[in-house]
Amino acid sequence: MKPTLRTLFAGSLLASSLVFAPVHAAELHVLISGGFSAAYNKLGPQYTQATGNKLVTEHGPSMGKTPEAIPNRLARHEPADVVIMVGYALDDLIKQGMVDPASRVELADSAIGMVVRKGQPKPDISTEAALKKTLLGAKSIAYSDSASGVYIEKELFKKLGIETQVKSKATMVPKIPVASQVADGKYQLGFQQVSELLPVPGITFVGKIPASVQSITRFAGGVPVGAAHPQEAAALLKYLSSPQAAPVVKATGLDTVAKP
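Below or above, wherever it landed, is the structure these notes cover. What you are looking at is a predicted structure, and each value in this text was computed from that prediction instead of being measured.

Strand order in the open sheet formed by five strands is β7-β6-β8-β5-β9, and the pairing between neighbours is mixed. Where the open sheet ends on each side, the last strands, each with one partner, are β7 (170–173) and β9 (203–208). Averaged over neighbouring strand pairs, the angle between their axes works out to 30 degrees when direction is ignored.

What follows is the structure, given as structure tokens:
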């Protein structure tokens with residue numbers, strides 16, 4: 001008799017990372033920001049197949065004023081068993097008593113990168129001087145309304161000494177992937193976390209900004225206070241942060257923080 005899919009998963013590495021579901025499968029509501037989404041989209045189905053639990057996913061930024069932002073969703077008491085977002089934004093929710101502090105799990109680190117529209121030349125951003133020259137020569141610049149964009153707007157331009165020069169042509173893009181706007185030709189240069197840039201069609205990934213002016217964003221997950229399925233939620237976060245999940249996390253442009 002051929003083994004079932006669940007039997008195959010039970011014998012796999014995934015089994016060592018998960019607490020398997022009870023007889024009645026749970027429906028987990030997950031709120032997730034863009035940076036970890038590509039890895040989650042690949043790993044989530046494995047969790048579902050192994051446990052039988054269903055994942056109901058809503059996307060939104062880790063911060064900001066848009067209705068889709070995760071803190072605003074929680075404030076409206078939308079169903080949530082798991083939140084996956086920028087680490088320091090998660091810490092704010094913990095301080096506000098909205099997320100269980102004991103549930104916090106480190107997931108991955110993400111660097112900021114740059115893209116241009118597919119078919120356009122790749123500008124030089126290999127050094128601070130080259131990045132500065134590219135930004136000054138650009139017709140338009142776009143960045144996100146999440147952690148990477150806040151850093152670019154508040155710190156990067158100042159570090160490069162070009163805040164005044166680029167102010168009129170630099171735009172923060174809310175809610176939607178910056179790379180999609182570059183692909184549509186609305187902006188010449190687009191900056192966001194690498195893991196959010198790579199999945200978007202119609203762009204060319206230029207590279208990460210130089211290490212000397214780089215800002216690394218840590219993504220983390222947690223279980224909201226009052227979650228309907230805290231045990232299953234903890235199992236999902238345990239798997240997403242496991243060494244078994246690390247190759248997928250790395251393949252999406254993130255740097256894993258999983259311990260071997």
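Here we come to the pattern of salt bridges. A complete count under the given rule lists eight salt bridges for this structure. With a shortest N-O distance of 2.9 Å, R218 and E106 are connected by a salt bridge. One end of the pair, R218, is in strand β10 (residues 217–222); the other, E106, is in strand β4 (residues 105–110), with 112 residues separating them in the sequence. For E106, a relative accessible area of 33% gives the class partly exposed.

Turning to helix α5 (residues 128–137), a few remarks are in order. Regarding α5, the residues found buried are A130, L131, T134 and L135. Angularly, the buried residues of α5 cover 130 degrees about the axis, an arc narrow enough to put them on a single face. Structural note: α5 exposes A129, K133 and G137 on the side pointing more than 90 degrees away from its buried face.

Right, let's talk about the environment of V257 for a bit. If you trace the backbone, V257 turns up in the segment after β11 (255–256). Placed 14 residues apart in sequence, V257 and P243 show a C-alpha to C-alpha distance of 8.9 Å. Excluding its chain neighbours within four sequence positions, the residues that come into contact with V257 are E106, L107, A108, D109 and R218.

So, about the packing of aromatic side chains. A complete count under the given rule lists one aromatic pair for this structure. Geometrically, the ring pair formed by Y143 and F157 is edge-to-face, given 6.1 Å between the ring centres and 75 degrees between the ring planes. Here Y143, found in strand β6 (residues 141–144), pairs with F157, found in helix α6 (residues 147–160); they are 14 residues apart in sequence, far enough to count as distant. What makes Y143 buried here is its relative accessible area of 3%. With relative accessibility at 4%, the residue F157 sits in the buried group.

Definitions and limits used
Residues numbered from 1 in each chain as written. Predicted model: local features only at pLDDT ≥ 70, side-chain atom pairs only at ≥ 80, totals over all residues. Heavy atoms only, no water. Pairing = 2+ DSSP bridges. Helix = DSSP H or I, 4+ residues; strand = E, 2+ residues; numbered from the N terminus. Axes fitted to C-alpha atoms, helices over the stretch in contact; angles between N-to-C directions. Salt bridge = Lys/Arg side-chain N within 4 Å of Asp/Glu carboxyl O. Buried < 20%, exposed > 50% of the residue type's maximum accessible area, 1.4 Å probe, protein only. Arc of directions from axis to C-beta. Contact = heavy atoms within 4.5 Å. Phe/Tyr/Trp six-rings, centres within 6.5 Å; stacked < 30°, edge-to-face > 60°.

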